[in-house]
Amino acid sequence: TGTGTIWGPEDFKVDAFVGYRRHVPLANRNAELTAQINITNLTDEPSLVPLRYNALQTGYARILLNEPRAFRFTLRVGF
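Residues numbered from 1 in each chain as written. Predicted model: local features only at pLDDT ≥ 70, side-chain atom pairs only at ≥ 80, totals over all residues. Heavy atoms only, no water.

The next thing to look at is the pattern of salt bridges. Opposite charge on two side chains lets them pair, provided their charged atoms get close. The final tally for this structure, using the stated rule, is 1 salt bridge. For Arg69, the salt bridge is made with Asp44, and the minimal N-O distance between the two is 3.9 Å. Within this pair, whereas Arg69 is found in the loop between strand 4 (60-65) and strand 5 (70-78), its partner Asp44 is found in the loop between strand 2 (29-40) and strand 3 (48-53), the two being separated by 25 residues in sequence. Given a relative accessible area of 39%, Arg69 falls into the partly exposed group. (Salt bridge = Lys/Arg side-chain N within 4 Å of Asp/Glu carboxyl O. Helix = DSSP H or I, 4+ residues; strand = E, 2+ residues; numbered from the N terminus. Buried < 20%, exposed > 50% of the residue type's maximum accessible area, 1.4 Å probe, protein only.)

Before going further, it helps to examine unusual backbone geometry. The phi dihedral of Asn28 is positive, around 60 degrees, even though this residue is not glycine. On the secondary structure map, Asn28 appears in the loop between strand 1 (16-26) and strand 2. Asn28 gets classed as exposed once you look at its relative accessible area, which sits at 86%. One non-glycine residue, Asn41, lies in the positive phi region at around 60 degrees. For Asn41, a relative accessible area of 6% puts it in the buried group.

Quick look at the sheet that holds strand 5 now. Spatial ordering of the open sheet is given by 1-2-5, a layout of 3 strands whose pairing is antiparallel. Pairing within the sheet leaves two strands with one partner each, and these edge strands are strand 1 and strand 5. The mean inter-strand angle of the sheet, taken between neighbouring strand axes irrespective of direction, is 10 degrees. Where strand 2 lies against strand 5, 9 bridges are found, and the strand directions are antiparallel. Note that in strand 5 the partner of Ile37 across the bridge is Phe73. (Pairing = 2+ DSSP bridges. Axes fitted to C-alpha atoms, helices over the stretch in contact; angles between N-to-C directions.)

So this is what it looks like as C-alpha coordinates:
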(Lines give C-alpha, C1' and ligand atoms only; values in the text may rest on other atoms or scores of the structure.)
Protein backbone atom coordinates (compact mmCIF):
# COMPACT_ATOMS: atom_id res chain seq x y z
CA THR A 1 0.00 0.00 0.00
CA GLY A 2 1.27 3.43 -0.83
CA THR A 3 0.36 6.78 0.50
CA GLY A 4 -0.56 9.68 -1.71
CA THR A 5 -0.16 13.37 -1.19
CA ILE A 6 -2.52 14.86 1.32
CA TRP A 7 -3.46 18.47 0.69
CA GLY A 8 -4.57 20.83 3.39
CA PRO A 9 -4.57 24.45 4.47
CA GLU A 10 -1.33 26.36 4.85
CA ASP A 11 -0.06 26.64 8.40
CA PHE A 12 1.97 29.72 9.32
CA LYS A 13 2.40 30.37 13.03
CA VAL A 14 4.65 33.17 14.27
CA ASP A 15 5.57 34.49 17.70
CA ALA A 16 7.40 37.81 17.83
CA PHE A 17 9.15 40.10 20.26
CA VAL A 18 10.80 43.48 20.15
CA GLY A 19 12.90 45.04 22.89
CA TYR A 20 14.69 48.24 23.80
CA ARG A 21 17.57 48.64 26.25
CA ARG A 22 19.33 51.74 27.54
CA HIS A 23 21.31 52.95 30.53
CA VAL A 24 19.60 55.58 32.68
CA PRO A 25 20.73 57.37 35.85
CA LEU A 26 18.54 56.21 38.71
CA ALA A 27 19.14 56.65 42.46
CA ASN A 28 22.72 57.83 41.87
CA ARG A 29 23.48 54.66 39.89
CA ASN A 30 23.75 53.82 36.22
CA ALA A 31 20.77 51.46 35.88
CA GLU A 32 19.92 49.41 32.82
CA LEU A 33 16.32 49.83 31.67
CA THR A 34 14.86 47.14 29.39
CA ALA A 35 11.41 47.24 27.79
CA GLN A 36 10.10 44.31 25.75
CA ILE A 37 6.82 43.29 24.14
CA ASN A 38 6.11 39.64 23.28
CA ILE A 39 3.28 38.62 20.96
CA THR A 40 2.14 35.00 20.91
CA ASN A 41 0.38 33.76 17.75
CA LEU A 42 1.08 36.98 15.83
CA THR A 43 -0.66 35.74 12.66
CA ASP A 44 -3.76 34.75 14.68
CA GLU A 45 -3.93 31.22 13.28
CA PRO A 46 -7.15 29.32 14.00
CA SER A 47 -7.45 27.43 17.23
CA LEU A 48 -7.50 23.97 15.60
CA VAL A 49 -4.48 22.60 13.70
CA PRO A 50 -4.62 19.06 12.30
CA LEU A 51 -1.50 17.02 13.10
CA ARG A 52 -2.32 13.48 11.97
CA TYR A 53 -5.05 11.72 10.04
CA ASN A 54 -6.57 8.43 11.18
CA ALA A 55 -5.59 5.14 9.51
CA LEU A 56 -8.38 5.42 6.91
CA GLN A 57 -7.62 9.12 6.30
CA THR A 58 -11.28 9.96 6.85
CA GLY A 59 -10.74 12.25 9.83
CA TYR A 60 -8.19 13.55 12.29
CA ALA A 61 -6.48 11.28 14.79
CA ARG A 62 -4.60 14.10 16.46
CA ILE A 63 -5.05 17.87 16.61
CA LEU A 64 -3.30 20.83 18.24
CA LEU A 65 -5.19 23.64 19.94
CA ASN A 66 -3.41 26.97 19.46
CA GLU A 67 -3.42 29.61 22.14
CA PRO A 68 -5.21 32.80 21.12
CA ARG A 69 -3.14 35.85 20.27
CA ALA A 70 -1.65 37.34 23.44
CA PHE A 71 0.47 40.39 24.23
CA ARG A 72 2.90 40.65 27.15
CA PHE A 73 4.81 43.83 28.03
CA THR A 74 7.82 43.58 30.34
CA LEU A 75 9.70 46.47 31.92
CA ARG A 76 12.89 45.60 33.80
CA VAL A 77 15.38 47.70 35.74
CA GLY A 78 18.79 46.27 36.60
CA PHE A 79 21.43 47.83 38.86
